[in-house]
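# Residue-level structural notes
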Amino acid sequence: MRQDNAVIETDRLGKVYSGRKGQVRALDRLDLSVQPGEIFGYLGPNGAGKTTTIRLLLDLIRPTMGQALIFGQDARENSVELHRRIGFLPGELNLWKNLTGDQVLDYVNSVRGRNDLPYARQLSERLSLDMGIRVRCYSSGNRRKLGLVIALMHKPDLLILDEPTNGLDPLIQQIFHDLMRETRAEGRSVFLSSHILSEVQAICDRVGILRGGQLQAVETVSALRSADFRWVTLRLREPVSPRLFDGLPGVSDVIQSSDGIRLRLVGDFDPLLRAVESAYILDIRTEEPSLEEIFLTYYGSHALSATSVEMAAR
Amino acid sequence: MTGAIFSHALRRNWRQILYWGLGMALLGFIVMWVIPDVDALQRTTEMLQAMPRPLLQFLNADDMAALATPEGFISIGFFSRAVLVFAVYAVSFGLRVTANEEDEGILDVLLSLPVPRWRVVVEKFAAYTLMFLIIVALSLGGLWLATSLTTLPVNMGRVLESGVAMIPVVLVMMALTTLIAVVVRRKATAVALTSGIIVGSYFIDFLGRAASGTAADSLRLVSFFNYYDFQAIIQTGIRIGDVVLLVVVTLVLLGGTVWAFARRDIGT
């Protein structure tokens, strides 16, 4: 259904790539809307169709079906006008290698026909980016920072970011999260794709889960958190019986391995630690669940197997 | 902002303009330097007359009367080579209009800015055209400098006309490369196709010259090189009809590029 104030709205948006090996349906009838002042996380494993969606929104590729509206305007017909209001960071960022960071910003600034360089300098200082170095000499993380400056420097109404924190160190990731929160506080919107659940949970308001080119669900982050769990591996000096964990709140799938005990934990650590207080703990390791596991938790095995069958059929 | 891509392309490539220009100016200078006097020119012509005619036709140097004059020698010694060297320029810079940046993934960033696709094509093509004009000017400068150091009576007006007439044929080759690169999307394929067409065009022209009055001769109509007869230009002056035709073909190819580029996916 059409929402008049939606920043992004797609209507049965689809893309089929034709190649030598036949046709590949990269995106299938996507219906999605992003609201003003919202950070929308677009979550899915590699190859799910996230980048295809982003490239369609930016009119870099053309849909084989459906339509995308941005600020109520057709993303294809009004692409030039819309791009004035959009900041974009591609997943695989390539820039003019022989130019310095400053020269790249200068070029982008002149193509936009604006003077955003003072704010761009502030951003580069905040991200600890040396602008006097040639792009070819930047590390992948620094190249990513430059990409973020390009996307943010004109304070766009909509940011479209494809895997924005890839290659950024944790400190810069925090600064990035702050920048996103500031963007939201100013009433601007962010559409960011990721395959990292924790990143999406940290800054997003809502999340769309994409799989095999199909949007499986759109949920608030708080709803997603309810499906949140961790894999915990306890390495103990003396082995303990897995039965010790029977009935512990939030603990399931207990497996004894050569490393120690591996289990699935939902909620607080405290009951688990109290249960093993008599044992000598050498190490505790936690792992985030994969998207597949979250998906399985959230939608059940039936939904997962149905989607898997669809993907296999393709 | 209009012109930003144009000026960026010029700024990024000024060194190359200089290298190309100085290289071609040096070639022009050397060509003039090896004509010490009219007697030597006559001896060179006699020596060339002993060579097989098909070879002279292939080198576009079969007109002995023209060759015996300083301008004729310049046309064969410089312009016959320059047009082939500039064919390399045409392919190399034709690829820079869209293919190189698309191949490197840079176009994604550029086209996410408020710039229509046609402007990317037109501004870059205009920049590389201006660069080529500068290179031709530097080349002619080299010829002029060497001429002014000799006592040979050279009609620089005709030399200038030969230089000007070369511009549209190179632009046709550059526009063709740009169009093919946009349509086939693969740089290597575009290079192979364009080079094949240029070499084929050269051979068609050569065969047609060698067998005048035959079907091969009438095929010359489809060769770029048929419309740049530097021997005829140096003797009788620039042929405006050919120049106009080549400019029109360039514009048609450029229009086709803009049309095709606006309608297709980027980077797939």
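Residues numbered from 1 in each chain as written. Chains lettered and ligands numbered in written order. Predicted model: local features only at pLDDT ≥ 70, side-chain atom pairs only at ≥ 80, totals over all residues. Heavy atoms only, no water.

## With respect to the overall build of chain B
On a plain count of helices and strands, chain B comes out with 13 helices and zero strands. Within chain B, contacts between residues separated by at least 24 positions form 77% of all contacts whose residues are at least 6 apart in sequence. (Helix = DSSP H or I, 4+ residues; strand = E, 2+ residues; numbered from the N terminus. Contact = heavy atoms within 4.5 Å.)

## Some words on the interface of chain A and chain B
Each partner contributes to the interface: chain A provides 26 residues, whereas chain B provides 27 residues. In total, chain A and chain B occlude about 2500 Å² of area from one another, counting both sides; carbon and sulfur atoms represent 59% of this. Here chain A and chain B share two salt bridges between them. The partner of Lys 15 of chain A in a salt bridge is Asp 265 of chain B, and the shortest N-O contact between them spans 2.6 Å. At the junction of chain A and chain B, the tally comes to 13 residue pairs in polar contact (both at pLDDT 80 or more). If you list the elements that add at least two residues to the side of chain A that touches chain B, you get β1 (8-19), α2 (79-83) and α3 (101-112) of chain A. With five residues, the top contributor of residues to the side of chain A that touches chain B is α3 of chain A. (Buried area = accessible area lost by both parts, 1.4 Å probe. Salt bridge = Lys/Arg side-chain N within 4 Å of Asp/Glu carboxyl O. Polar contact = N/O pair within 3.5 Å; in protein donor to acceptor, adjacent residues only side chain to side chain.)

## Here's the deal with the side chain of Asp 265 of chain B
Here Asp 265 of chain B is to be found in the segment after α13 (240-262). Asp 265 of chain B gets classed as buried once you look at its relative accessible area, which sits at 11%. Polar side-chain contacts of Asp 265 of chain B include one of 2.6 Å to the side chain of Lys 15 of chain A. A polar side-chain atom of Asp 265 of chain B sits 2.7 Å from the main-chain amide nitrogen of Arg 62 of chain A. (Buried < 20%, exposed > 50% of the residue type's maximum accessible area, 1.4 Å probe, protein only.)

## A look at the domain arrangement of chain A
Parsing chain A into structural domains produces domain 1 (8-225) and domain 2 (230-287). Put simply, the middle of domain 1 of chain A and the middle of domain 2 of chain A, counted by C-alpha atoms, are 39 Å apart. (Domains from an automatic or database assignment.)

## Here's the deal with a positive patch on the surface
Taken together, the side chains of Lys 97, Arg 134 and Arg 136 of chain A together with Arg 15 of chain B make up a positively charged region of the molecular surface. Its place among the elements puts Arg 136 of chain A in the loop between α4 (117-126) and α5 (140-152). (Patch = residues over 30% accessible without salt bridge, like charges linked within 9 Å, V, L, I, M, F, W, Y side chains within 5 Å. Areas by Shrake-Rupley, 256 points an atom, 1.4 Å probe, with all protein chains shown as cover. Lys, Arg positive; Asp, Glu negative; His and termini not counted. Charge placed at Lys NZ, Arg CZ, Asp CG, Glu CD.)

## Here we look at the packing of helix α8 (residues 117-148) of chain B against helix α9 (residues 156-184) of chain B
Residue and element names in this part refer to chain B. Where α8 contacts α9, the axes come no closer than 10 Å and their chain directions differ by 150 degrees. By the angle between their axes, α8 is roughly antiparallel relative to α9. Relative to α9, α8 is oriented so that their crossing is right-handed. Counting all contacts with α8, which are made through Phe 125, Tyr 128, Thr 129, Phe 132, Leu 133, Val 136, Leu 140, Leu 143, Trp 144 and Thr 147, the residues of α9 involved are Met 156, Val 159, Leu 160, Gly 163, Met 166, Ile 167, Val 170, Leu 171, Met 174, Ala 175 and Thr 178. (Axes fitted to C-alpha atoms, helices over the stretch in contact; angles between N-to-C directions. Parallel < 35°, antiparallel > 145°, perpendicular 65-115°, else oblique. Left-handed = near helix turned anticlockwise from the far one by under 90°.)

## Some points on α9 of chain B
Residues and elements named next belong to chain B. Look at α9: 42 Å from first C-alpha to last across 29 residues, which is about the 42 Å you get at 1.5 Å a residue. The buried count for α9 comes to 21 of 29 residues, which makes it a mostly enclosed element. With a side-chain oxygen lying 3.1 Å from the backbone nitrogen of Gly 157, the N-terminal cap of α9 falls on Asn 155. Looking one or two residues past α9, Arg 185 carries a phi angle of roughly 70 degrees, positive in sign. (Expected span 1.5 Å × (residues − 1).)

## With respect to the sheet that holds strand β7 (residues 158-162) of chain A
Residues and elements named next belong to chain A. If you trace the six strands from one edge of the open sheet to the other, you get β6-β7-β8-β3-β9-β10, paired in mixed fashion. In this open sheet, the two strands that pair with only one neighbour each are β6 (86-89) and β10 (214-220). Ignoring which end each strand starts from, the neighbouring axes of this sheet average 15 degrees apart. Sitting on the sheet, helix α1 (residues 50-57) is in contact with β3 (39-43), β6, β7, β8 (189-194) and β9 (206-211), with an inclination near 145 degrees to β8. On the sheet, helix α6 (residues 170-185) packs against β3, β7 and β8 and is oriented at approximately 150 degrees with respect to β7. (Pairing = 2+ DSSP bridges.)

## Quick word on the sheet that holds strand β5 (residues 73-74) of chain A
Backbone-to-backbone hydrogen bonds join strands into a sheet, with any given pair of strands oriented parallel or antiparallel. Residues and elements named next belong to chain A. Reading across from one edge, β2-β1-β4-β5 is the order of the four strands in this open sheet, with antiparallel pairing throughout. Unpaired on one side and paired on the other, β2 (22-34) and β5 mark the two borders of the sheet. Of the strand pairs in this sheet, β1 and strand β4 (residues 65-70) are connected by five bridges, and their pairing is antiparallel. Bridging from a neighbouring strand, Glu 9 pairs with Leu 69 of β4. Helix-sheet contacts for α1 involve β1, β2 and β4, and the interaxial angle to β1 is about 110 degrees.

## Quick notes on α13 of chain B
Residues and elements named next belong to chain B. End to end, α13 covers 33 Å across 23 residues, agreeing with the expected 33 Å (1.5 Å per residue, within 8%). Among all positions of α13, only Asp 242, Val 243, Leu 246, Thr 250, Leu 253, Leu 254, Thr 257, Ala 260 and Phe 261 are buried. On its buried side, α13 packs onto α7 (107-111), α8 and α9.

## Quick look at the environment of Ile 197 of chain B
Residue and element names in this part refer to chain B. Structurally, Ile 197 can be placed in helix α10 (residues 187-210). A residue is classified by how much of its surface remains accessible, and Ile 197, at 37% relative accessible area, is partly exposed. If we skip the residues at most four places from it in the chain, Ile 197 touches Leu 176, Ile 180 and Phe 224.

## Overview of the packing of α8 of chain B against α13 of chain B
Residues and elements named next belong to chain B. Viewed as axis vectors pointing N to C, α8 and α13 meet at an angle of 145 degrees, and their least axial separation amounts to 8 Å. In the crossing of α8 with α13, the sense of the turn from one axis to the other is right-handed. Contacts from Arg 117, Trp 118, Val 121, Val 122 and Phe 125 in α8 reach Thr 250, Leu 254, Thr 257, Val 258, Phe 261 and Ala 262 in α13. Split into classes, the residues belonging to the contact of α8 with α13 amount to eight nonpolar, two polar and one charged. (Nonpolar A, V, L, I, M, F, W, Y, C, P; charged D, E, K, R; others polar.)

## Looking at a nonpolar patch on the surface
Residues and elements named next belong to chain B. On the surface, Trp 14, Leu 18, Tyr 19 and Leu 22 cluster together into a nonpolar patch covering about 450 Å² of accessible area. Mapped onto the fold, Leu 18 is located in helix α1 (residues 4-33). A relative accessible area of 38% places Leu 18 in the partly exposed class.

## A word on the packing of aromatic side chains
Scanning all chains against the criterion turns up 15 aromatic pairs over all chains. Aromatic ring contacts, followed pair by pair, group Trp 20, Phe 86, Tyr 89, Phe 93, Tyr 128 and Phe 132 of chain B into a single cluster. Stacked on the ring of Phe 71 of chain A, the Lys or Arg Arg 85 of chain A has its end atom at 3.7 Å from the ring centre. The positively charged end of Arg 262 of chain A is found above the aromatic ring belonging to Trp 231 of chain A, 4.4 Å away from the centroid. (Phe/Tyr/Trp six-rings, centres within 6.5 Å; stacked < 30°, edge-to-face > 60°. Lys NZ or Arg CZ within 6 Å of the ring centre and 35° of its normal.)

## Examining unusual backbone geometry
Most of the time, phi is negative for any residue but glycine, and the peptide bond is trans. Residue and element names in this part refer to chain A. In this model, Ser 128 sits at a positive phi of 55 degrees, which is unusual for a non-glycine residue. With respect to the helices and strands, the residue Ser 128 is situated in the loop between α4 and α5. Residues other than glycine seldom take positive phi values, yet Lys 155 does so here, at roughly 45 degrees. Following the sequence through the fold, Lys 155 ends up in the loop between α5 and β7. Using a relative accessible area of 44% as the deciding quantity, one classes Lys 155 as partly exposed.

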